[in-house]
Amino acid sequence: ASSSMQVGTGVTTGEITNNFGQGTLSETGVGSNMAIDGNGFFLVKRPGEAEGYLTRDGNFHVDKEGYLVSAGGLRVQGFVDPLVDLTEEYAGTTVADIKIDNQTTGTVPADTDPRLQKYTIDASGKITVQLENGVSFIRGQVLLQNVRDTQVLEKAGDNLYSNYQNAGALDEPGVAGTMGLGAIKSQKLETSNVDLAAQFSAMIRTQRAFQASARIISTSDEFLQELVNLKR
C-alpha cells in the first residue's frame, strides 16, 4: 500500500448567505424616501415587464411623468385607485405603477387644474396629496411583499432581488402593518445592517488562527531540522 500527502490544495467558498436583519433607520427629510420597519420588501417593476423585483432600498423619487421610481427607474407597485372623499375608508383594488400627481381620475388633468403642492406617506403606505387650492385626496397606497425563505432570493444588482415567487412570496402584495408586514417610515432610509464590531472581531480571530497555523509549521520545521542535525 502507498500513501500520498497533498500539499497546497487551497480553499474555496462554502456558502454565501444574505443577512436580512433590520438595519438602523436614518432620517433624510426627503418625502419620497421610505424605509420598512419590520418584515417585507418593496415591489418594483420595469415598465412593460410582468415580473418585478423585491428591494429594501427605499431611495425613491418622483420622475417627470409622476411615477414613484427607484434610483434605477423601476416603478414602485401599489394600489392606484384615487379616493377624493377622505371621510371614507380607503380600499384600493388595482395594483399597478404608483403615481404621485394631481389626478383624481384616470384622465390627464388640464393645465388649468390645481397643481400638486405637497404629499405625505403614512405608515400603511397611503399617499395623501394636497393641491394648491387646498383640496386633499388619497392618490394611492404603496404595498409590500414578503417571502417565506429569503435565502432563495437571487441578487439582481442595485439592491434588487429576483426569484421571489420560488421563495414563497405572498399571492398578492399586502398593506404595511398587516399579514406580518412591517410599517412604512417616510422620509427615512434603512442603513446597512452590518455589525462592524462583530466583523472586526471575526477578522482578528481569523488572523490569530492563521498566525497560530504558521507558528505550528515553523515549529515543525525546526524540529525536523534538529533531527537532521542529530543524524550528522
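It should be noted that the structure appears before, not after, this text.
For clarity, every value in this text was computed on a predicted model and none was experimentally measured.

J.: Hey, could you run me through the overall build of the chain in this one?
T.: Within the chain, the secondary structure is distributed over 1 helix and 16 strands. Rg of the C-alpha trace for the chain: 27 Å, well past the compact-globule value of 17 Å for 232 residues, more than 25% over. Reported as C-alpha extents along the three principal axes, the dimensions of the chain are approximately 105 × 40 × 30 Å. The 232 residues of the chain split such that 31% are buried. For the chain, the proportion of contacts with a sequence separation of at least 24, taken over those separated by at least 6, is 56%. Of the roughly 14,700 Å² of accessible surface on the chain, 50% is carried by carbon and sulfur atoms. With 19 positive and 28 negative side-chain charges, the chain shows a spacing of 9 Å between the two charge centroids.

J.: What's the story with the nonpolar core in this structure? I'm lost.
T.: What tends to happen in soluble globular proteins is that the nonpolar side chains get buried as a cluster. Met34, Phe42, Leu68, Val142 and Ile184 are the most contacted members of the largest nonpolar core, which has 23 residues in total. When residues of this core are traced back to their parent elements, those giving at least two are β2 (34-37), β3 (41-45), β10 (126-131) and β11 (136-142). Residue contributions to this core peak at 3 residues, all from β10. Residues contacting Leu68, with those up to four places away along its chain left out, are Ser32, Met34, Phe60, His61, Val62, Leu74, Arg75, Val76, Ile98, Ile100 and Val142. One finds Phe41, Leu54, Tyr161 and Ala169 within the second-largest nonpolar core, a separate group that totals 9 residues.

J.: What exactly am I supposed to notice about the side chain of Gln145 here?
T.: Tracing the backbone shows Gln145 in strand β12 (residues 144-145). Taking the relative accessible area as the measure of exposure, Gln145 reaches 2% and is therefore buried. Looking at Gln145, its side chain comes within polar contact range of the main-chain nitrogen of Leu170, at 2.9 Å. Excluding its chain neighbours within four sequence positions, the residues that come into contact with Gln145 are Gly40, Phe41, Leu54, Ala169, Leu170, Glu172, Pro173 and Leu181.

J.: Hey, could you run me through the packing of aromatic side chains in this one?
T.: The geometry of an aromatic ring pair comes down to the distance between the two centres and the angle between the two planes. Taken as a whole and judged by the stated rule, the model has 3 aromatic pairs. Directly above the ring of Tyr67 sits Arg75, whose terminal nitrogen or CZ lies 3.7 Å from the centroid. One Lys or Arg, Lys99, reaches over the ring of Tyr67 and ends 4.8 Å from the middle of that ring.

J.: What exactly am I supposed to notice about the layout of surface pockets here?
T.: The computed volume of the largest pocket comes to approximately 600 Å³. As for the largest pocket, its lining consists of 24 residues, and the residues nearest its centre are Asn19, Phe20, Gly21, Arg56 and Asn193. Residues belonging to the lining of the largest pocket are distributed by class as follows: 5 nonpolar, 15 polar and 4 charged.

J.: Would you explain the pattern of salt bridges in this entry?
T.: Working definition: two side chains of opposite charge can pair if their charged atoms are close together. The final tally for this structure, using the stated rule, is 6 salt bridges. Residue Glu190 pairs with Arg56 through a salt bridge whose shortest N-O separation is 3.0 Å. Of the two residues, Glu190 is situated in strand β16 (residues 188-190) and Arg56 in the loop between β4 (53-55) and β5 (61-62); the sequence distance between them amounts to 134 residues. The class for Arg56 is buried, based on a relative accessible area of 16%. Residue Asp122 pairs with Lys126 through a salt bridge whose shortest N-O separation is 3.5 Å. Linked by salt bridges that have partners in common, Glu65, Arg75 and Asp97 make up one network.

Basis of the calculations
- Residues numbered from 1 in each chain as written.
- Predicted model: local features only at pLDDT ≥ 70, side-chain atom pairs only at ≥ 80, totals over all residues.
- Heavy atoms only, no water.
- Helix = DSSP H or I, 4+ residues; strand = E, 2+ residues; numbered from the N terminus.
- Rg over C-alpha atoms; globule rule 2.2 N^0.38 Å.
- Buried < 20%, exposed > 50% of the residue type's maximum accessible area, 1.4 Å probe, protein only.
- Contact = heavy atoms within 4.5 Å.
- Areas by Shrake-Rupley, 256 points an atom, 1.4 Å probe, with all protein chains shown as cover.
- Lys, Arg positive; Asp, Glu negative; His and termini not counted.
- Charge placed at Lys NZ, Arg CZ, Asp CG, Glu CD.
- Core = buried A, V, L, I, M, F, W, Y, C linked by side-chain atoms within 4.5 Å.
- Polar contact = N/O pair within 3.5 Å; in protein donor to acceptor, adjacent residues only side chain to side chain.
- Phe/Tyr/Trp six-rings, centres within 6.5 Å; stacked < 30°, edge-to-face > 60°.
- Lys NZ or Arg CZ within 6 Å of the ring centre and 35° of its normal.
- 1 Å grid on protein atoms, 1.4 Å probe; cavity = no way out; pocket = protein on both sides within 12 Å on 5 of 7 lines; lining within 4 Å.
- Points joined across faces, edges and corners; volume = space filled by probe spheres on them.
- Nonpolar A, V, L, I, M, F, W, Y, C, P; charged D, E, K, R; others polar.
- Salt bridge = Lys/Arg side-chain N within 4 Å of Asp/Glu carboxyl O.

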